[in-house]
Amino acid sequence: MIPEWMVGAPRSFDTVLVANRGEIAVRVLRAASESGLRGVALFSDSDAGSLHVETADEAVHLPGASLAETYLNAEAIIEAARSSGAQAIHPGFGFLSERADFANAVKAAGLIWIGPPAGAIETMGDKISARRRMIESGVPVIPGEEIAISESVDHLGALAAAAARVGYPLLLKASAGGGGKGMRAVHEPKMLRTEYEAAAREATAAFGDGTVYVERLLTGARHVEIQVMADSLGNCIHLNERDCSLQRRHQKVIEEAPSPAVTPAIRSAMGEAAVQAAKAVDYEGAGTVEFLLSERGEFFFLEMNTRLQVEHPVTEMITGVDLVQKQFEVAAGMPLGLTQSDIGITGHAMEARIYAEDPSKGFLPAIGDLAMWREPAGPGIRVDTGVREGDSVTVEFDPMLAKLIVHAPTRTAAARRLDNALANLRALGVTTNIGFLRQMAQHPDFTSGGITTDYLDSRNIADFAEPETNPATLVAIAAAASRLGLDRVGASGSSQSDADEHTGHAGDPFRTLSRSFP
Amino acid sequence: MEWSVGETSERYTAKLTDTEGALALTGLTSDGVEQAHSEISVARDNQPGRLLVEVNGQAQFAHVAKVGDSWWIHLNGRIHVVNGHETGSADSDAGEGGLTAPMPGTILEVQVKEGQRVREGQTLLVMEAMKMEHRIQAPRAGEVLAVNFATGDRVDMGDTLVELGE
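Since we're looking at a predicted model, the values are computed, not measured.

Engineer: How should the overall build of chain A be read in this particular structure?
Structural biologist: The number of helices and strands found in chain A is 15 helices and 24 strands. Of the contacts made within chain A by residues no fewer than 6 positions apart, 64% connect residues no fewer than 24 positions apart.

Next up, the structure:
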């Protein structure tokens, strides 16, 4: 049944299929449920018991273990929409979200694509054509040079010449890269070859395209991005900026909104440029225009992400706009229902990405079973998670487990709330970056609001090591936990498993009073 | 039972005594040597996986979960791992000269040869795991005794990639 709010819309639907997994699939499925829509999930063999499947009204199994057979299998996904009666497909982020051919295939199948037109994805998805379109539309871009690299031609000769013209330090980007993959900084000419080869390999492994281009690396700059939202009737607004300057190798660590470096004048100019960029590609739906903001307050277009962004919740927190709900409305052909003057800023929001990774080992992805996963709660705390207690973390998928988002009246209060909420996120069994995130949230360089994009890469990560805890306390806890039988399934004060192995009595673990076991 | 904390090598033993419904730490050794310690007691709590810990009269909760031989402990906003070992058992060989693959993946590049001397922090090989490149670096200076894999090889977690001598 079409939900009441959508009745009379040009392209109404009552069932949405979410072509994704993990926390973003859960996020979108929850929004669907709130909006009165039926939600359909997809799952691969190993995801049968995942949280996103549990969250959906219906789930369709995509047989197979590889991504190509499952979450990247356009044909099977469209067939799943048909068989489950879904009229619309939400791609989430990653996977097929920025594939123009998929957007086209969805539409060709007579389904509603909850995303921008294929043409916008195509233009913005190729960094070279995006840059060209932005120059034409008067959006400022970073000094750089396009180089088409084809097989059998001398890659390095052409690259070195272009690099010399652009100047060092520079950034090598695989045209089809993204999320930090296929992107490398080169500080001096002699490193060009090594970094080029690494970038080309990463891009090929992740995206199947080895093309690369060069641009000047702005040091001391901040990564500031503008959320835009456009409807199919030509209305386009921006929802302020997010600051994602705290990054490690181009992977965002903590994001926040508003940016501590953005003045009302910069916000308005940058917002206008972002809307201009979106309009230049006839954008529809939610999108993000990324800029680099220099120390002097100049900003340059980096790229446009033609999808919902991982860090979209911080924008939702400060504007009060539910971006996924808006995506549904716009996809149904309804007007935005908001004008620029409706968008304000309330308080300050921060998001920390919880990864299964080991900061002390070069942030190597970690695997294991989440023997305990207990989330913090309280005013201004939001956890967007894709996992729950008992889940396995494997090498198959991205190691992001969840996002912890906080909202508070001021930036200082938000940083404290973030630290405190992280301290109360009890994730045991898998190594995570939670401790590192706490060190960051407390760090004077972060709390002062002065972080630039090169910050983490120019620091020794060991300097962010957590404070030591007295080993005696930890050893006593481990020994006591063993003694009290907390390793037994269902261990609790009253469970059957409490039968004491020394006395045979059930229940009270202290029946062995005054006996001690070394 | 002996215990080690995180990746440190010290082996601890703990003696616990039941007193008034709690287990009090009444003896602690580190590598066989008796250690002075704070006044610590641990009591069962009614929430599953939670213990009540008192250190010098200060009470706090600890959340615990056992995975394999290790206790994962959340205490005071920090997460720790305490590993259990059979008394007198040898150290596991991790970090003993064998450099093991931290993740399943593919070797992208081998940057050292057998017999080569390397400095601490030098990249030995580059591997790809979870679509990202990881540099395997020498934990200390030494001589490369063996390189067990070549470019393009698939490796499993725990495979010894490079053997490093003195």
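Here the narrative resumes, following the displayed structure.
Engineer: Explain the overall build of chain B here, please?
Structural biologist: Counting its secondary structure elements, chain B contains 0 helices and 17 strands. For the C-alpha atoms alone, the extent of chain B along its principal axes is close to 60 × 35 × 25 Å. The proportion of buried residues among the 166 residues of chain B is 31%. Sequence-distant contacts in chain B: of pairs separated by 6 or more residues, those separated by 24 or more amount to 37%.

Engineer: Could you clarify how one ought to interpret the interface of chain A and chain B in this entry?
Structural biologist: Many structure descriptions define interface size as the accessible area lost when the parts assemble. Each side of the interface is counted separately: chain A has 53 residues, and chain B has 55 residues. Among the secondary structure elements, those contributing two or more residues to the side of chain A that touches chain B are helix H8 (192-207), strand E17 (364-365), strand E18 (368-369), strand E23 (426-428), helix H13 (434-442), helix H15 (471-483) and strand E24 (516-517) of chain A. Split into classes, the residues belonging to the side of chain A that touches chain B amount to 30 nonpolar, 13 polar and 10 charged.

Engineer: Is there a simple way to explain helix H5 (residues 118-125) of chain A in this structure?
Structural biologist: Residues and elements named next belong to chain A. Burial analysis of H5 places 7 of its 8 residues in the buried class, which makes it a mostly covered element. Along H5, the positions that sit buried rather than exposed are Ala118, Ala120, Ile121, Glu122, Thr123, Met124 and Gly125. Contacts made by the buried residues of H5 are with helix H4 (100-108), helix H6 (127-137) and strand E14 (299-305).

Engineer: Got a minute to help me understand the sheet that holds strand E22 (residues 400-408) of chain A in this structure?
Structural biologist: Think of a sheet as strands paired side by side through backbone hydrogen bonds, with each pair either parallel or antiparallel. All names here are of chain A. The 8 strands are arranged E14-E13-E10-E11-E12-E15-E22-E20 in an open sheet whose pairing can be described as antiparallel. At either margin of the open sheet sits one strand with a lone partner, and together these are E14 and strand E20 (381-385). Looking at each pair of strands side by side, their axes are set apart by 25 degrees on average, direction ignored. Note: strand E15 (residues 348-355) against E22, 8 bridges, orientation antiparallel. Looking at E22, one finds that glutamate 351 is bridged to isoleucine 405.

Engineer: Which parts of the structure should I look at to understand the confidence of the model for chain B?
Structural biologist: Should the pLDDT be low somewhere, the predicted coordinates at that spot are not to be read in detail. Of all residues in chain B, 94% attain a pLDDT of 70 or more, and the chain-wide mean is 88. This complex was scored by the predictor with a pTM of 0.82 and an ipTM of 0.83.

Engineer: Is there a simple way to explain unusual backbone geometry in this structure?
Structural biologist: Most peptide bonds are trans, and most residues other than glycine sit at a negative phi. At the junction of Tyr168(A) and Pro169(A), the peptide bond is cis and its omega measures out at -5 degrees in the coordinates. Within the fold, Pro169(A) resides in the loop between helix H7 (155-166) and strand E7 (170-178). Non-glycine residue Glu20(B) carries a positive phi angle of around 45 degrees. Its location among the elements puts Glu20(B) in the loop between strand E2 (12-19) and strand E3 (22-30).

Engineer: Looking at this model, I keep getting lost on the sheet that holds strand E3 (residues 58-61) of chain A. Mind explaining?
Structural biologist: Residues and elements named next belong to chain A. Taken together, the 5 strands give an open sheet; going across it, the order is E3-E2-E1-E4-E5, and neighbouring strands pair in parallel fashion. Only two strands of the sheet have a single partner each, and these edge strands are E3 and strand E5 (112-113). Summarising the sheet, strand E4 (residues 88-90) and E5 pair through 2 bridges and their orientation is parallel. What sits directly across from isoleucine 89, in E5, is tryptophan 113.

Engineer: In this structure, what is going on with the packing of helix H12 (residues 411-423) of chain A against H13(A)? I would like to understand it.
Structural biologist: Residues and elements named next belong to chain A. Where H12 meets H13, the closest approach of the two axes is 9 Å, and the angle between their N-to-C directions is 160 degrees. Considering the angle they form, H12 stands roughly antiparallel to H13. For the pair H12 and H13, the crossing hand works out as left-handed. When H12 is examined against H13, the residues Ala415, Leu418, Asp419, Leu422 and Ala423 are found in contact with a partner set consisting of Ile434, Leu437, Arg438, Ala441 and Gln442. Across the contact of H12 with H13, the residue classes break down as 7 nonpolar, 1 polar and 2 charged.

Engineer: Would you mind going over the domain arrangement of chain B with me for this structure?
Structural biologist: Along its sequence, chain B is organised into domain 1 (2-85) and domain 2 (98-164). Distance between the C-alpha centres of domain 1 of chain B and domain 2 of chain B: 36 Å.

Engineer: Help me understand the confidence of the model for chain A, please; the structure alone is not making it clear to me.
Structural biologist: Per-residue confidence for chain A gives a mean pLDDT of 90, with 90% of residues at or over 70. Low pLDDT (under 50) marks residues 490-518 of chain A, which in the prediction has 45 contacts with non-local residues, meaning those over four places away or in another chain.

Engineer: Would you explain the nonpolar core in this entry?
Structural biologist: The nonpolar side chains of a soluble globular protein tend to be buried with one another. Formed by 179 residues in total, the largest nonpolar core has its most connected members in Val475(A) and Ile477(A). At 9 residues, H15(A) tops the list of elements feeding residues into this core. One finds Ala101(B), Met103(B), Leu108(B) and Leu161(B) within the second-largest nonpolar core, a separate group that totals 15 residues.

Engineer: Which parts of the structure should I look at to understand helix H11 (residues 323-331) of chain A?
Structural biologist: Given 3.6 residues per helical turn, the α-helix brings residues three or four places apart onto the same face. Residue and element names in this part refer to chain A. Counted residue by residue, H11 has 8 buried out of 9 residues, so it is predominantly covered. Listed as buried for H11 are Leu323, Val324, Lys326, Gln327, Phe328, Glu329, Val330 and Ala331. Elements in contact with the buried residues of H11: helix H1 (22-34), E4, E5, strand E10 (222-230), strand E13 (285-293) and helix H10 (312-319). At the exit of H11 stands glycine 333, carrying a positive phi of roughly 85 degrees.

Engineer: What's the story with the pairing of strand E1 (residues 15-18) of chain A in this structure? I'm lost.
Structural biologist: Regular strands place their side chains on alternate faces of the sheet. Residues and elements named next belong to chain A. Pairing of E1 with strand E2 (residues 38-43), which is carried by 4 bridges, proceeds in the parallel orientation. For leucine 17, the partnering residue across the bridge sits in E2 and is valine 40. Crossover connection from E1 via H1 to parallel E2: handedness right-handed. In this structure, E1 lies alongside E4, joined through 3 bridges in parallel fashion. Counted as the bridge partner of valine 18 is histidine 90 from E4.

Engineer: What's the story with the pairing of strand E13 (residues 123-129) of chain B in this structure? I'm lost.
Structural biologist: Residue and element names in this part refer to chain B. Two elements, strand E11 (residues 105-110) and E13, share 4 bridges in a ladder whose sense is antiparallel. Bridged to glutamate 109 within E13 is valine 126. Taken together, the 6 bridges between E13 and strand E14 (residues 132-137) define a ladder with antiparallel strand orientation. Within the sheet, the bridge partner assigned to threonine 123 lies in E14 and is glutamine 137.

Engineer: What should I look at first to understand the environment of Leu17(A) in this one?
Structural biologist: Residue and element names in this part refer to chain A. Note on placement: leucine 17 falls in strand E1. In the structure, leucine 17 is positioned 394 residues away from arginine 411 in sequence and 37 Å away in space, judged by C-alpha atoms. Leucine 17 has contacts with Val40, Ala80, Ala81, Ser84, Ala86 and Ile89, leaving out every residue within four places of it along the chain.

Engineer: What am I meant to see in the environment of Met127(B) here?
Structural biologist: Residue and element names in this part refer to chain B. Residue placement: methionine 127 occurs in strand E13. Sequence separation between methionine 127 and arginine 50 is 77 residues; the distance between their C-alpha atoms is 39 Å. Not counting residues up to four positions away in its chain, the partners in contact with methionine 127 are Ala101, Gly105, Thr106, Ile107, Leu108, His134, Ile136 and Val155.

Engineer: What's the story with the packing of H6(A) against helix H9 (residues 264-280) of chain A in this structure? I'm lost.
Structural biologist: In a pair of packed helices, the angle between the axes and the distance between the axes together describe the arrangement. Residues and elements named next belong to chain A. Following both chains from N to C, one finds H6 and H9 inclined at 115 degrees, their axes separated by 10 Å at the closest point. Between H6 and H9, the crossing angle belongs to the class labelled roughly perpendicular. Considering how the two elements wind past one another, H6 and H9 form a crossing that is right-handed. Within the contact between the two elements, H6 uses Arg133, Met134 and Ser137 and H9 uses Gln276, Ala277 and Ala280.

Calculation criteria
Residues numbered from 1 in each chain as written. Chains lettered and ligands numbered in written order. Predicted model: local features only at pLDDT ≥ 70, side-chain atom pairs only at ≥ 80, totals over all residues. Helix = DSSP H or I, 4+ residues; strand = E, 2+ residues; numbered from the N terminus. Contact = placed C-beta atoms within 7 Å. Buried ≥ 20, exposed ≤ 12 C-beta atoms within 10 Å, placed from the backbone. Nonpolar A, V, L, I, M, F, W, Y, C, P; charged D, E, K, R; others polar. Pairing = 2+ DSSP bridges. Axes fitted to C-alpha atoms, helices over the stretch in contact; angles between N-to-C directions. pLDDT = per-residue confidence, 0-100. Parallel < 35°, antiparallel > 145°, perpendicular 65-115°, else oblique. Left-handed = near helix turned anticlockwise from the far one by under 90°. Domains from an automatic or database assignment. Core = buried A, V, L, I, M, F, W, Y, C linked by C-beta atoms within 7 Å. Right-handed = clockwise from strand over helix to strand, strands pointing away.

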